Amino acid sequence: MTDLLNLLKENARLSNAQLADMLGLTEAEVARQIADLEKKGVIRGYTAILNDELAGDNEVEALIELRVTPKHDTGFDDVAKTIMLYDEVESVSLMSGKYDLALTVKGRSLKEVAMFVSQRLSAMEGVLATATSFVLKRYKDKNILIEEEEKDERSMWG
Amino acid sequence: MNYEEVLSKRVVALKPSGIRRFFDLAATMDDVISLGVGEPDFSTPWSIRKEAIDVMERRKIVYTANSGMAELRTAISEYLERTVHTKYDPEHEIVVTVGGSEAIDIAIRGVIDPGDEVLVVEPAFVCYAPIVEMACGVPVPIATRPENHFKLRPEELREKITDKTKLLILPYPNNPTGAIMTREDLEAIAEVLRGTNILVLSDEIYCEMTYGRKHCSIAEIDGMQERTILVNGFSKSYAMTGWRLGYVCAPAPITQQLVKIHQYIIMSSPTVSQYAAIVALKECDEDVQHMIREYNLRRRYLVEAFNRIGMTCFDPEGAFYVFPSIQCTGMSSEEFCEKLLEEEKVAVVPGNAFGESGEGFVRVSYAYSLKHLMTAVERITAFLERHRQ
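Residues numbered from 1 in each chain as written. Chains lettered and ligands numbered in written order. Predicted model: local features only at pLDDT ≥ 70, side-chain atom pairs only at ≥ 80, totals over all residues.

1. Structural notes on the nonpolar core
Phase 1: One finds Ala107, Ile169, Leu201, Ile229, Val248 and Ala280 of chain B to be the most contacted residues of the largest nonpolar core, which totals 126 residues.
Phase 2: When near neighbours in sequence (up to four residues on either side) are disregarded, alanine 280 of chain B contacts Ile48, Phe234, Tyr238 and Met240 of chain B.
Phase 3: One finds Ile83, Val105, Phe116 and Val127 of chain A within the second-largest nonpolar core, a separate group that totals 14 residues. (Core = buried A, V, L, I, M, F, W, Y, C linked by C-beta atoms within 7 Å. Buried ≥ 20, exposed ≤ 12 C-beta atoms within 10 Å, placed from the backbone. Contact = placed C-beta atoms within 7 Å.)

2. Quick notes on the pairing of strand 2 (residues 94–97) of chain B
Residue and element names in this part refer to chain B.
Phase 1: Along strand 2, one buried face is formed by Ile94 and Val96 and the opposite face, lined by Val95 and Thr97, is buried too.
Phase 2: Direction of pairing for strand 2 relative to strand 8 (residues 246–249): antiparallel, over a ladder of 4 bridges. Paired with threonine 97 across the two strands is glycine 246, which belongs to strand 8. (Helix = DSSP H or I, 4+ residues; strand = E, 2+ residues; numbered from the N terminus. Pairing = 2+ DSSP bridges.)

3. Digging into the packing of helix 12 (residues 285–308) of chain B against helix 14 (residues 370–387) of chain B
Residues and elements named next belong to chain B.
Phase 1: Interaxial distance between helix 12 and helix 14 falls to 11 Å at its minimum, and their mutual angle equals 10 degrees. It follows that helix 12 is roughly parallel to helix 14 by the angle criterion. Judged by residue contacts, Leu297, Arg298, Tyr301, Leu302 and Ala305 of helix 12 engage Leu370, Leu373 and Val377 from helix 14.
Phase 2: Residues that form the contact of helix 12 with helix 14 fall into these classes: 7 nonpolar, no polar and 1 charged. (Axes fitted to C-alpha atoms, helices over the stretch in contact; angles between N-to-C directions. Parallel < 35°, antiparallel > 145°, perpendicular 65-115°, else oblique. Nonpolar A, V, L, I, M, F, W, Y, C, P; charged D, E, K, R; others polar.)

4. So, the domain arrangement of chain B
Residues and elements named next belong to chain B.
Phase 1: According to the domain assignment, chain B contains domain 1 (3–44 + 286–387) and domain 2 (46–283).
Phase 2: Contacts between domain 1 and domain 2 engage 36 residues on the former and 37 residues on the latter.
Phase 3: Taken together, the elements giving at least two residues each to the side of domain 1 that touches domain 2 come down to helix 3 (18–27), helix 12 and strand 9 (321–322).
Phase 4: Ranked by residue count, the leading element in the side of domain 1 that touches domain 2 is helix 12, at 6 residues. (Domains from an automatic or database assignment.)

5. Comments concerning the sheet that holds strand 9 of chain B
Residue and element names in this part refer to chain B.
Phase 1: The strand order across the open sheet formed by 3 strands is 9-12-11, and the pairing between neighbours is antiparallel. Two strands lie at the open edges of the sheet, namely strand 9 and strand 11 (349–350), each paired on one side alone.
Phase 2: Strand direction decides the pairing type here: strand 11 and strand 12 (residues 362–365), joined by 2 bridges, are antiparallel. Considered in strand 12, the bridge of proline 350 is made with valine 362.

6. As for the interface of chain B and chain A
Phase 1: On the chain A side, the residues contacting the 13 residues of chain B number 10 residues.
Phase 2: Counting residues per element, the ones that place at least two in the side of chain B that touches chain A are helix 3 and helix 12 of chain B.
Phase 3: In terms of residue count, helix 12 of chain B provides more of the side of chain B that touches chain A than any other element does, 6 residues in total.
Phase 4: Among the residues making up the side of chain B that touches chain A, the classes are represented as 7 nonpolar, 2 polar and 4 charged.

7. Let's talk about the packing of helix 13 (residues 333–344) of chain B against helix 14 of chain B
Residues and elements named next belong to chain B.
Phase 1: Where helix 13 contacts helix 14, the axes come no closer than 10 Å and their chain directions differ by 110 degrees. When the interaxial angle is binned, helix 13 and helix 14 end up roughly perpendicular. Helix-helix and strand crossings are classified by hand; for helix 13 and helix 14 the assignment is right-handed. Only Arg379, Ile380, Ala382 and Phe383 of helix 14 make contact with helix 13, whose side of the interface consists of Leu340, Glu343 and Glu344. (Left-handed = near helix turned anticlockwise from the far one by under 90°.)

Here's what the structure looks like:
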């Protein structure tokens, strides 16, 4: 991956001027490269990483493992694409291992998520089994510590 | 008891480190943004740490051979061959030490007799002159100049050579300036040294931290290996400062003497660290490259930022420091650092802590996250707006 993408992944709010300094490019060149990456679909979006509790987000989040019967011609894609359509579903990934699809789902309450799983997901054609685990606490997300700042233990100035 | 009478006059006469003095001042304040440290902010690569854990679980941690584990010395020898294209016999020409610091100490003590003059290229890390003084040698500073990007020039060297000159200390890539010496620069120095009996202590602890071109050692230059004492270590390249492991390489007649000092004062370097260092040399090239890329982003950011606000600095091609000029404020280095600390709570190190030729500059370390550096730059920019003349 390029240095530009690495920098944006770490902090998408760096200004073009700052990026230009770091990369040894001109501001215009950075703007052009980013526009190009967006146009090509390499960069799919920008988002903020929150401490949900401090942000006042009281929603519950669950990880859901799904076992699915693959379709003859389209494999897992059909089911995945159907599941993607629900707003409750934040992410969908095809997995290796004991199950096939991994979902993160958000809802206002445990009950709401449970209802979504039993009424929508389990009932879906091709879905064999589901296993739901609720997220209790997030320590680190996208390489960023959620509750604490990293401490600098260095004290020598050598 | 009257301690003044009992303590070694030579030690009492040593000046305390100028870095230390400033550090103590910063330590009394809260919420200081420091750009002071001289060690990586990265963690030691996981494979190195894992090896140490495994060794502690499975092995007895006993002394190693005085000069270090044979396997480690072989790995060091291979590393030097592939990085600086220089052959060192692992059996007789390499001694594993407690950090680069011990390597510097035994190298100086091993060659200096009372009255010998030691040329110390300045600005430089603070340890050389005091170690020379403890060995009853005479440190002779060679001031390098900003217009030469703090490289050592042959005429500056020639000027300071006397019939008492025993050793030249050549610390590149340089702490604090970030200067490097290219092959051409070193050729010119070698030309002055050829035909003399002057030894070179080449402190290459920052050898992996060069940006844009590979590090060149003076030992690579024709006819120089016979007079070079090469010092290196794991602290900076592999983010292993606390592991305390370095090494010194030199022709056998020299290391034969150095290993005697090492054996009496240290016995052998930390065993767990030695096992881990083998993994560092053999498996961690990619981890090192990752760190260098990261340093380079920060380096470019700071150089641009300082030049923009009038603290001009040349392009420092090595180590992890930039060394901007503070001339535009009309302040002395110490005054600048004290005011910056007081007013903006940003800590940098006054350039004169590294020798008089560092006056008018400050050392800024970029062994910090970009986020940290950006906050610091904001504050320094505000400071400059008030104090630029």
